[in-house]
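Observations on the model geometry
The lines below spell out each chain.
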Amino acid sequence: MAANSRNLKQVRIENSSPAAPLGMVGGGGLKGMRGLEADSEVGAMALAQGKEAGDEEQEAGLTIDIKSFLKPGEKSYTQRCRLFVGNLPTDITEEDFKRLFERYGEPSEVFINRDRGFGFIRLESRTLAEIAKTELDGTILKSRPLRIRFATHGAALTVKNLSPVVSNELLEQAFSQFGPVERAVVVVDDRGRATGKGFVEFAAKPPARKALERCSDGAFLLTTTPRPVVVEPMEQFDDEDGLPEKLMQKTQQYHKEREQPPRFAQPGTFEFEYASRWKALDEMEKQQREQVDRNIREAKEKLEAEMEAARHEHQLMLMRQDLMRRQEELRRLEELRNQELQKRKQIQLRHEEEHRRREEEMLRQREQEELRRQQEGGFKPNFLDNVKIKMLKCR
């Protein structure tokens, strides 16, 4: 199909195009979709839709929406969608390179190293990258078979010592403080139980390095329990394609080792003796690893018990400190209350003393007034007046 007949949202595959990279010819091909991983739900849905549409539109062709290849919540153009393309012709142009992948959507990154014959390209979704890889790997381009695989994710970290209550969302939220996170996954077993391990894929290397350094130097806690996570660079493995025969280097050792076919060693032979010693060595390694695992597990259980006891003691200490603080606060309040009562009592005494002085002043004034009147009129005081005067003098 010509490039101008394709937009960024849809890809149309015509039956009359025998070299269609998606392999959806005659409604029954869908070669690329069959090459997807078994756990790719989006790819399986697209496969089913493609089969149904292929039966109805064998002559008219098939149109698939590019957006249907994105899983719910999946981010587009991540490093998981990045492909390595090897064995490229040295004279390939960027336009020719992009034209190889034009049916799989618009790429966001294109890089070519012509001197060494390889390149990288980033597609919109993982599913589209899987389809492109399946369709184009081994394709002959100018007498050279292309070698396509997923590029190494250089910004991925392994996270260990995770608490069982940590989810994918919490893991992504925790590591987003270092930079944009493309994907965060807590690894579970076949029953869906957390294994204590996970991985975080950043959008770039600088935030991944920052997270690795900060977590190595400090203690990064994700939950209430003071259980720091252990962060390491993620080991990259290719467990999809493995090592096919066509990629084996035919060295002298290769030919020597391939002289004998696969077989069981016969008892009593040289092969059986050394094969038995290899098996004994493997068994010893297994036992030692199991012993180390038991020791580590026991040490972890002991540490958890000590941590729980220390936490309980710490809580008791905090409660005692709080109780002492409250008692000190009550004592201080009681002192303030007593001081306030003392002040009120002193004020009351002063008021009473002031009132008494006023009364005495008034009596003295009356006495003086009476004496003045007596002196002016020649009046002699009676007995009661004399008693009052004496009482005032006694005071």
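Okay, so let's go over this structure. (Residues numbered from 1 in each chain as written. Predicted model: local features only at pLDDT ≥ 70, side-chain atom pairs only at ≥ 80, totals over all residues. Heavy atoms only, no water.)

1. Re the packing of aromatic side chains
Taken as a whole and assessed by the stated rule, the structure comprises 11 aromatic pairs. Look at Phe97 and Phe101: their rings are 5.7 Å apart centre to centre, the planes differ by 65°, and that puts the pair in the edge-to-face class. In this structure, Phe97 and Phe101 share a single accessibility class: buried. Here a set of aromatic residues connected by ring pairs shows up, and it is made of Phe84, Phe111, Phe118 and Phe120. Above the ring of Phe150, the side-chain terminus of Arg126 is found at 3.8 Å from the ring centroid. We note Lys250 situated over the ring of Tyr254; from NZ or CZ to the ring centre the distance is 5.3 Å. (Phe/Tyr/Trp six-rings, centres within 6.5 Å; stacked < 30°, edge-to-face > 60°. Buried < 20%, exposed > 50% of the residue type's maximum accessible area, 1.4 Å probe, protein only. Lys NZ or Arg CZ within 6 Å of the ring centre and 35° of its normal.)

2. Topic: the pairing of strand β11 (residues 194-202)
Side chains on a regular strand alternate between the two faces of the sheet. Note: strand β9 (residues 156-160) against β11, 5 bridges, orientation antiparallel. The residue of β11 that forms the bridge with Val159 is Gly198. In the sheet, strand β10 (residues 181-188) pairs with β11 via 6 bridges, with the strands oriented antiparallel. Following the sheet pairing, Ala184 is matched in β11 by Val200. Turn length for the β10-β11 hairpin, with the two strands adjacent in sequence and antiparallel, is 5 residues, and the turn residue Gly192 shows positive phi of about 80°. (Pairing = 2+ DSSP bridges. Helix = DSSP H or I, 4+ residues; strand = E, 2+ residues; numbered from the N terminus.)

3. A word on helix α4 (residues 126-136)
Burial of α4 is extensive: 10 of the 11 residues sit out of reach of the surface. Every buried residue of α4 is accounted for by Arg126, Thr127, Leu128, Ala129, Glu130, Ile131, Ala132, Lys133, Glu135 and Leu136. Immediately downstream of α4, the backbone of Gly138 shows phi near 90°, a positive value.

4. Some thoughts on the side chain of Gln79
When you line up the elements, Gln79 lands in the loop between β2 (62-65) and β3 (82-86). Among the residues examined, Gln79 registers a relative accessible area of 10% and is labelled buried. Within the structure, Gln79 has its side chain in polar contact with the backbone oxygen of Ala203 (distance 3.3 Å). Residue contacts for Gln79: discarding those within four places in its chain leaves Arg122, Thr152, His153, Gly154, Ala155, Glu182, Phe202, Ala203 and Ala204. (Polar contact = N/O pair within 3.5 Å; in protein donor to acceptor, adjacent residues only side chain to side chain. Contact = heavy atoms within 4.5 Å.)

5. Some details on the side chain of Arg122
Within the secondary structure, Arg122 sits in strand β5 (residues 118-122). The exposure class of Arg122 is buried, given its relative accessible area of 14%. Within the structure, the side chain of Arg122 is placed 3.3 Å from the backbone oxygen of Tyr77, a separation counted as a polar contact. Ignoring anything within four residues of it in the chain, the contact list for Arg122 reads Tyr77, Thr78, Gln79, Cys81, Arg82, Pro107, Ser108, Glu109 and Glu182.

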